[in-house]
Every structure is written in structure tokens, then in C-alpha cells.
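Structural description and commentary
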Amino acid sequence: MKQDWLEKFAGKAQANTKIPLDFYEKFNVKRGLRNADGTGVLVGLTEIGDVHGYIMDEGDKIPVEGRLRYRGIDVVDLVRGFQNEKRFGFEETAFLLIFGSLPYQSELESFKHLIGESRLLPVNFTEDNILKAPSQDIMNKMARSVLVAYSYDEAAEDYSVTNILRQCITLIAQLPIFAAYGYQARRHNFYNESLYIHNPNPELSTAENLLQMIRPDQAYSQLEADLLDLSLVLHAEHGGGNNSAFTVHVVSSAETDTYSTMAAAIGSLKGAKHGGANIKVMGMMEDIKANVKDWSSETEVGNYLKKILNREAYDKSGLIYGIGHAVYTLSDPRAVLLRERAELLAREKNHEEEFNLYTMIENLAPRIFQEVKNSDKVVSPNVDFFSGFVYSMLNIPFELYTPLFAISRIAGWSAHRMEELISGGRIIRPAYKSIVRPRNYIPLDAREND
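This write-up is about the structure you can find in this document. It should be emphasised that the depicted structure is a prediction, and the values quoted were computed from it without experimental measurement.

1. Focus: the overall build of the protein
Secondary structure summary: the protein contains 18 helices and 3 strands in total. By the compact-globule yardstick of 22 Å for 450 residues, the protein fits well, its C-alpha radius of gyration being 24 Å. Overall, the C-alpha framework of the protein stretches about 70 × 60 × 55 Å when taken along its three principal axes. Every one of the 450 residues in the protein was classed for burial, and the buried ones make up 47%. For the protein, the accessible area works out to roughly 23500 Å², and carbon and sulfur atoms hold 50% of it. With 49 positive and 60 negative side-chain charges, the protein shows a spacing of 7 Å between the two charge centroids.

The structure is reproduced here in C-alpha cells:
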């Protein structure tokens with residue numbers, strides 16, 4: 001297709017599709033499903049996740065410490081619980097999100113066993129659908145693998161709760177395999193590197209399996225597995241209003257199959273404004289490290305942050321990536337928990353200087369943001385600020401950063417799909433107002449050619 005033709009008509013499409021911003025205010029449109037005060041438009045009810053970052057007092061937003069609850073349980077208490085017992089927590093978290101209660105010992109063991117035996121892919125699936133059709137983007141490969149899995153499911157269109165539950169648990173088990181094998185296929189096919197296809201181990205946790213499948217020697221430390229498991233727990237759910245969870249509700253409300261629903265959610269999470277944010281943080285941090293000579297100088301670091309905010313440095317977006325959140329104000333509990341373990345791993349990996357740079361930016365950025373923007377808005381580091389750093393210390397390639405998010409979040413997506421099918425009952429269909437004036441049809445030979 002000729003590029004000049006595309007460029008010409010792309011301009012035409014853009015010119016005829018531009019809606020004036022003041023129209024949104026004129027017709028009281030909630031852009032991004034946001035109210036004028038920045039709060040989210042209430043479009044549904046959920047029992048799965050609760051995100052709390054501020055309180056409204058007579059129209060004023062009052063910042064408070066962030067809180068995240070899974071099925072009513074504070075994520076801090078959940079994490080402290082399995083950490084104190086020195087065990088992995090992701091599988092327990094998935095059980096809690098899907099079934100609504102913490103599992104008994106026997107329930108947890110049987111659930112882990114079910115996930116373990118569900119990891120094995122169908123015969124020839126890996127060769128035919130992953131190795132022979134590699135993708136530069138692992139999220140794209142994961143979405144395609146999920147859609148292909150439909151063809152291997154004899155009950156793909158069975159919408160009973162029992163069958164939907166089976167499908168969700170199977171995808172929770174297999175999504176890490178799709179990601180690991182998709183990554184290996186990418187390395188081999190596009191960069192001529194050795195191909196490593198390690199079988200998943202049904203006895204290992206999700207975090208351990210992922211680490212052993214992406215590493216040539218399959219080796220990992222206990223601290224590495226613990227920290228990856230924590231990251232999976234903290235990314236597993238974030239309320240029904242985030243873009244990918246809402247996508248699950250929208251697509252599920254149309255009564256389509258589980259595979260189409262989860263592929264749509266992966267497509268949503270792939271976006272840079274959603275799941276791809278930690279990659280933006282890593283790019284920004286590499287830029288800071290390259291341009292700030294003294295990482296221990298608050299003056300030098302602070303001045304460079306000002307340049308970033310003034311659109312003079314990095315990508316000139318005016319954003320300090322990883323700082324600020326749509327809901328959280330004083331703190332993001334996920335970032336607080338991840339930061340604690342990140343410090344331990346930084347010591348083990350001799351990355352303390354880099355960790356100190358992160359903590360300095362964590363402390364400086366909120367104040368500098370208020371100064372440069374002349375704003376009293378309260379911001380703090382979000383989970384993306386530390387997650388990319390954690391993944392880099394784990395020697396996880398950046399291509400897998402967002403896929404890791406999906407591997408975790410499918411637990412929450414599964415719970416939201418079950419909730420929509422059981423309690424929703426109506427197709428989600430918001431209104432869009434047409435603002436174009438009626439026009440007459442013009443016969444082809446009477447149209448002027450520009």
C-alpha cells in the first residue's frame with residue numbers, strides 16, 4: 001500500500017474525526033469515565049477489590065494513606081501473613097479473589113495441585129502456535145495463545161459456572177507458560193539466540209516456574225522467587241474500574257467466551273497508559289543515570305527532575321513516570337511493600353547505589369512536582385516506580401515486564417468475569433451523543449474532487 005496515499009487519507013480521517021474539547025464540557029460528558037473532580041464514575045458494584053486513596057469532604061479531596069483490599073482483606077495483612085509463614089502467596093491470593101474467602105490448608109493444597117497439573121500445554125501447541133509463529137511483542141503472543149486455546153477446548157462455549165471456573169484456572173496456570181515460551185521463541189527467531197524450552201514443574205510455585213523457564217540454567221535464589229511472588233500478589237487485582245478489569249466486565253456482559261474475554265483484557269493491559277507504565281519508569285531512570293553525574297546529590301537529581309517536568313529532558317512529556325496515581329495520594333501500599341523487599345534484593349545483588357537513587361527520587365519528586373506545577377496536588381510513588389527496578393535486579397528482560405503484570409492480573413480478571421456472569425445480567429452499553437449535523441446524500445458524479 002503506497003505510503004503517500006495513506007498519509008493523505010490519514011490526514012483526512014484525522015480532520016473529520018476531531019471533536020472540540022469544549023463539547024465534552026458542554027454536554028457534561030465524563031471523559032475517561034471521570035467526574036469533574038477526578039473521581040471515577042460509578043458504573044458497577046464489586047466484592048473483589050477495593051482501592052482507597054482519598055476521602056471527599058464537602059467537595060474537597062482529602063489525601064490519606066493508600067489502602068488496597070482483596071475481598072475485604074487488607075493486602076498488607078495478606079502479605080505479612082504468608083511472609084511470616086515463609087511460603088509463597090500468589091496461589092492463595094488467586095483462591096481468595098476467585099472464591100471470596102481464604103482457603104483452608106487442604107483447599108490451598110488441592111488448588112495448587114490443580115494449577116500444577118493444568119500447566120501442561122496440549123500436544124503440539126508449543127511448536128505449532130508459539131515456536132512457528134513468534135512475535136516481537138510477548139503480550140501479543142500471549143493474547144494469540146489464549147485465543148488459540150479456544151480451539152483445544154471441547155467445552156469452549158459452555159457458560160456454566162463450573163466450566164468457566166475450569167477455564168479460568170487453566171489460563172491462570174498456562175499464561176506463564178505462554179509468556180516464557182513466547183519469550184524464548186522471540187530470542188531464537190529474531191535474534192538467533194539459543195532456544196530453551198523448559199517444562200513447567202507441577203510442584204513449583206508460579207514464581208519459581210517462571211524463573212526456571214526463562215533462564216538457561218533454570219537457577220534462582222529463594223529471595224528472587226520470594227520477591228517475584230510478592231510482585232505477582234501485588235499486581236493480582238486493583239478493583240473493577242481499572243481499564244483491563246473493566247474490559248473483562250464489558251466483554252463478559254456480552255456473553256462471549258472466556259478466551260475472547262481474556263485476550264481482550266491482555267490487549268487492554270498491553271497499553272502504555274496501563275500495564276506498560278513500568279517500562280516507561282525504567283527508560284526514565286536510565287536517562288537520569290546517564291545524565292546525572294553524582295547520584296548522591298539531591299541538588300543534581302532535583303534539578304534534573306525539574307527539567308523532566310519542564311519538558312526539557314527525557315521524552316519531554318513533562319511526566320515523572322512512576323510518581324502519582326489516579327486514586328492513591330499519600331502512598332500506594334503496593335509500592336511500600338515492594339520497596340521493602342527491593343532493598344533486600346539490592347543488597348544481595350550489589351545494587352544499593354541504584355536503590356538509593358530510587359529512594360532519593362521517591363522523596364524529592366512530590367515536592368518538586370508541587371513547585372514546578374505550582375500545585376497542591378499530593379503525589380507519591382506508585383507500584384510501577386519500583387516494579388521495573390525489581391525485575392531488572394531479577395535479570396528479567398524488559399520484554400517480560402508487562403507480561404508479568406498479565407500473569408498476575410489474570411487472577412483478578414477471572415474473579416471479575418465470574419462476578420459479571422453471576423451478578424451482572426445486562427450488557428454494558430454506555431451512551432455516546434452524536435454531534436454531527438444531518439447531511440444530504442450527494443450522487444457520485446455530483447461530488448467535488450479536491
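2. Quick notes on unusual backbone geometry
Backbone geometry at Arg71 places phi at a positive 55°, although glycine is not the residue there. The backbone of Asn395 shows a phi angle near 60°, a positive value even though the residue is not glycine. Along the chain, Asn395 falls in the loop between helix H17 (383-393) and helix H18 (401-424).

3. Re the pattern of salt bridges
Two side chains bearing opposite charge may form a pair once their charged atoms approach each other closely. Under the definition given, this model contains 17 salt bridges. Its salt-bridge partner being Asp128, residue Lys132 comes within 3.7 Å of it at the nearest N-O pair. A relative accessible area of 36% means that Asp128 is categorised as partly exposed. One salt bridge connects Glu193 with Arg187, and the closest N-O pair in it is separated by 2.7 Å. Accessibility expressed as a relative area gives 34% for Glu193, which makes it partly exposed. Sharing partners across several salt bridges, the network here consists of Glu85, Arg87 and Glu92.

4. Comments concerning the environment of Leu42
Within the element layout of this structure, Leu42 appears in the loop between helix H2 (21-26) and strand S1 (49-57). Along the backbone, Leu42 and Gln14 are 28 residues apart, and their C-alpha atoms lie at a distance of 32 Å.

5. Comments concerning the side chain of Ser252
Within the fold, Ser252 resides in helix H11 (residues 243-253). One polar contact links the side chain of Ser252 to the main-chain carbonyl oxygen of Val248, over a distance of 2.8 Å. Polar contacts involving the side chain of Ser252 include one to the side chain of Arg417, which spans 2.9 Å.

6. Quick word on the nonpolar core
If you look at the biggest cluster of nonpolar residues, it comprises 113 residues, and the most contacted ones within it are Met142, Ile288, Leu305 and Ile396. Here Ile288 is in contact with Tyr304, Leu305, Ile308, Leu357 and Ile361, once residues within four sequence places are set aside.

7. Quick look at the packing of helix H3 (residues 75-84) against helix H10 (residues 222-234)
At a closest axis distance of 11 Å, the pairing of H3 and H10 adopts a crossing angle of 155°. The angle between H3 and H10 places the two elements in the roughly antiparallel class. In terms of crossing hand, the pair formed by H3 and H10 is right-handed. On H10, the residues that touch Val75, Leu78, Val79, Phe82 and Gln83 of H3 are Asp229, Leu230, Val233 and Leu234.

8. So, the sheet that holds strand S2 (residues 60-70)
With respect to topology, 3 strands assemble into an open sheet ordered S1-S2-S3, the strand pairing being antiparallel. Both outer strands of the open sheet, S1 and strand S3 (73-74), are each paired with one neighbouring strand and no more. Relative to S2, S1 is paired through 8 bridges, and the arrangement is antiparallel. What sits directly across from Asp50, in S2, is Arg69.

9. A closer look at the packing of aromatic side chains
Here the structure, examined in full by the defined rule, presents 15 aromatic pairs. Note on Phe95 and Phe111: the rings are 5.5 Å apart at their centroids and 80° apart in plane angle, and the pair reads as edge-to-face. Of this pair, Phe95 sits in helix H4 (residues 90-99) while Phe111 is found in helix H5 (residues 105-117), placing the two residues 16 residues apart along the sequence. Each member of the pair Phe95 and Phe111 is classed as buried. Between Phe99 and Phe111 the ring centres are 6.2 Å apart and the planes differ by 85°, which places this aromatic pair in the edge-to-face class. Here Phe99 is found in helix H4, whereas its partner Phe111 is found in helix H5, with 12 residues between them in sequence. Residue classification places Phe99 among the partly exposed residues on the basis of a relative accessible area of 39%. Here the aromatic residues Phe355, Tyr358, Phe385, Phe386 and Phe389 are joined through ring pairs into a cluster of three or more. One residue, Lys26, lies across the ring of Phe23, its end atom 5.5 Å from the ring centre.

Definitions and cut-offs
- Positions within a chain are numbered from 1, following the residues in the order the chain's sequence is written.
- A pLDDT threshold of at least 70 governs which residues receive local features in this predicted model, and a stricter bar of 80 or more applies before side-chain atom pairs are shown or counted, although totals over entire chains, interfaces and linings include all residues.
- The side-chain quantities take in all heavy atoms of the structure and omit both hydrogens and water.
- What counts as a helix is a DSSP run of H or I of at least four residues, what counts as a strand is a run of E of at least two, and both are numbered from the N terminus.
- Note on method: radius of gyration uses C-alpha positions; expected globular size equals 2.2 Å times residues raised to 0.38.
- Only protein chains enter the accessibility calculation, which uses a 1.4 Å probe; a residue whose area is less than 20% of its type maximum is buried, one above 50% is exposed, and one in between is partly exposed.
- Methods summary: accessible areas were calculated by the Shrake-Rupley approach with a probe of 1.4 Å, and residue burial reflects only the protein chains presented.
- Positive charges come from Lys and Arg, negative ones from Asp and Glu, while His and the chain ends are left out of the count.
- Here the site of a charge means NZ on Lys, CZ on Arg, CG on Asp, or CD on Glu.
- The rule for a salt bridge is simple: a side-chain nitrogen of Lys or Arg has to be within 4 Å of a carboxyl oxygen of Asp or Glu.
- N or O atoms within 3.5 Å of each other form a polar contact, as long as, within protein, one can give a hydrogen and the other can take it, and as long as residues adjacent in sequence are counted only when both atoms are side-chain atoms.
- For the purposes of this section, nonpolar cores are sets of buried Ala, Val, Leu, Ile, Met, Phe, Trp, Tyr and Cys residues that join through side-chain atoms within 4.5 Å.
- By definition, residues are in contact when any of their heavy atoms lie within 4.5 Å.
- The axes are straight lines fitted to the C-alpha atoms, using for helices just the contacting stretch, and the angles between their N-to-C directions are given from 0 to 180°.
- Should an angle fall under 35 degrees it is taken as roughly parallel, and over 145 as roughly antiparallel, whereas 65 to 115 is taken as roughly perpendicular and any remaining angle as oblique.
- By convention the crossing between two helices is left-handed if the near helix lies anticlockwise of the far one by an angle smaller than a right angle, and right-handed if it lies clockwise.
- Following DSSP output, two strands are said to pair if at least two bridges run between them.
- Stacked, tilted and edge-to-face are the three classes assigned to paired rings of Phe, Tyr and Trp, where Trp is represented by its six-membered ring and a pair needs centres within 6.5 Å; plane angles under 30 degrees give stacked, over 60 edge-to-face, the rest tilted.
- Consider the ring centre and the ring normal. A charge sits over the ring if Lys NZ or Arg CZ is within 6 Å of that centre and within 35 degrees of that normal.

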